[in-house]
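Report on the structure
Letter by letter, the chains look like this.
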Amino acid sequence: MRLTLPTDANFIGNVFGGVILAEIDRVAYVTASRHARQNCVTASFDRVDFLEPVHVGELLQLYAELTYVGRSSMEVSVDVHSEDITGRTRRRVGHAYVTMVAVGADGRPTEVPPLAQPTAADMQKFRDGERRMQERRRTRPSVPGPN
Ligand SMILES: CC(C)(COP(=O)(O)OP(=O)(O)OC[C@H]1O[C@@H](n2cnc3c(N)ncnc32)[C@H](O)[C@@H]1OP(=O)(O)O)[C@@H](O)C(=O)NCCC(=O)NCCS
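This structure is a prediction, so every number in the text was calculated from the model and none was measured.

Another point: the site of the ligand. Around the ligand there are 16 residues in total, and Ser44, Gly70, Arg71, Ser72 and Ser73 lie nearest to it. Looking at the shell around the ligand, the elements with two or more residues in it are strand 2 (40-50), strand 5 (90-102) and helix 2 (120-139). If one sorts the elements of the shell around the ligand by residue count, strand 2 sits on top with 4 residues. The residue makeup of the shell around the ligand, split by class, is 5 nonpolar, 7 polar and 4 charged.

Here is the structure:
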């Protein structure tokens, strides 16, 4: 949970999107690192949607879930909600998919445990995540990339 402050505001007085992105990145990092039991880095963000503005003074609540695990990469689905301070109103304000990669002390990718898929719904999410990951691999820029 994160209380948004006046210092988080954009030019029209709502919360700056970059503040929300940083929160998404943090929660994705924690989710992936807990699964991998090692350090992770953010490899990519894709399909970040800001559905509604967040007002300064509201609480951000983030819900993260691992949806796909490859050899060293993990897809984290992050849902963002905002609540007024009284807790009376709650809105879904954003969603993102983040790819985190587990890395060893040398910064190179390392293998992570497989993802348990106990239910049919989990298996479906995994298959959907796998499709998105294949697309990311296909469209990933090569290094060195464009400036
Ligand atoms: C992410 C990183 C470790 C990948 O290293 P790499 O040498 O390209 O490694 P590989 O090509 O072997 O890819 C490793 C895995 O990452 C995945 N991956 C790499 N780049 C990716 C991208 N842009 N999007 C999604 N997945 C990606 C690969 O598909 C592979 O997955 P798998 O092991 O599950 O099959 C490297 O690009 C890096 O360190 N990037 C900077 C990360 C960082 O510092 N982030 C913080 C913001 S600056």
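Our focus in this paragraph is helix 1 (residues 17-36). For helix 1, spanning 20 residues, the distance from its first C-alpha to its last is 28 Å, which sits close to the expected 28 Å at 1.5 Å a residue. Those residues of helix 1 not exposed but buried are Ile20, Glu23, Ile24, Val27, Ala28, Thr31, Ala32, His35 and Ala36. Among the structural elements, strand 1 (2-3), strand 2, strand 3 (59-69), strand 4 (73-83) and strand 5 are those in contact with the buried residues of helix 1. Positive phi shows up at Arg37, right after helix 1, with a value of about 60 degrees.

Let us now look at unusual backbone geometry. Non-glycine residue Arg37 carries a positive phi angle of around 60 degrees. Mapping Arg37 onto the fold places it in the loop between helix 1 and strand 2. Accessibility expressed as a C-beta count within 10 Å gives 9 for Arg37, which makes it exposed. Its identity as a non-glycine residue notwithstanding, Arg47 has a phi of 50 degrees, on the positive side. Inspection of the secondary structure puts Arg47 in strand 2. Given 10 C-beta atoms within 10 Å, Arg47 falls into the exposed group.

Rules and cut-offs
Residues numbered from 1 in each chain as written. Predicted model: local features only at pLDDT ≥ 70, side-chain atom pairs only at ≥ 80, totals over all residues. Near = placed C-beta within 6 Å. Helix = DSSP H or I, 4+ residues; strand = E, 2+ residues; numbered from the N terminus. Nonpolar A, V, L, I, M, F, W, Y, C, P; charged D, E, K, R; others polar. Expected span 1.5 Å × (residues − 1). Buried ≥ 20, exposed ≤ 12 C-beta atoms within 10 Å, placed from the backbone. Contact = placed C-beta atoms within 7 Å.

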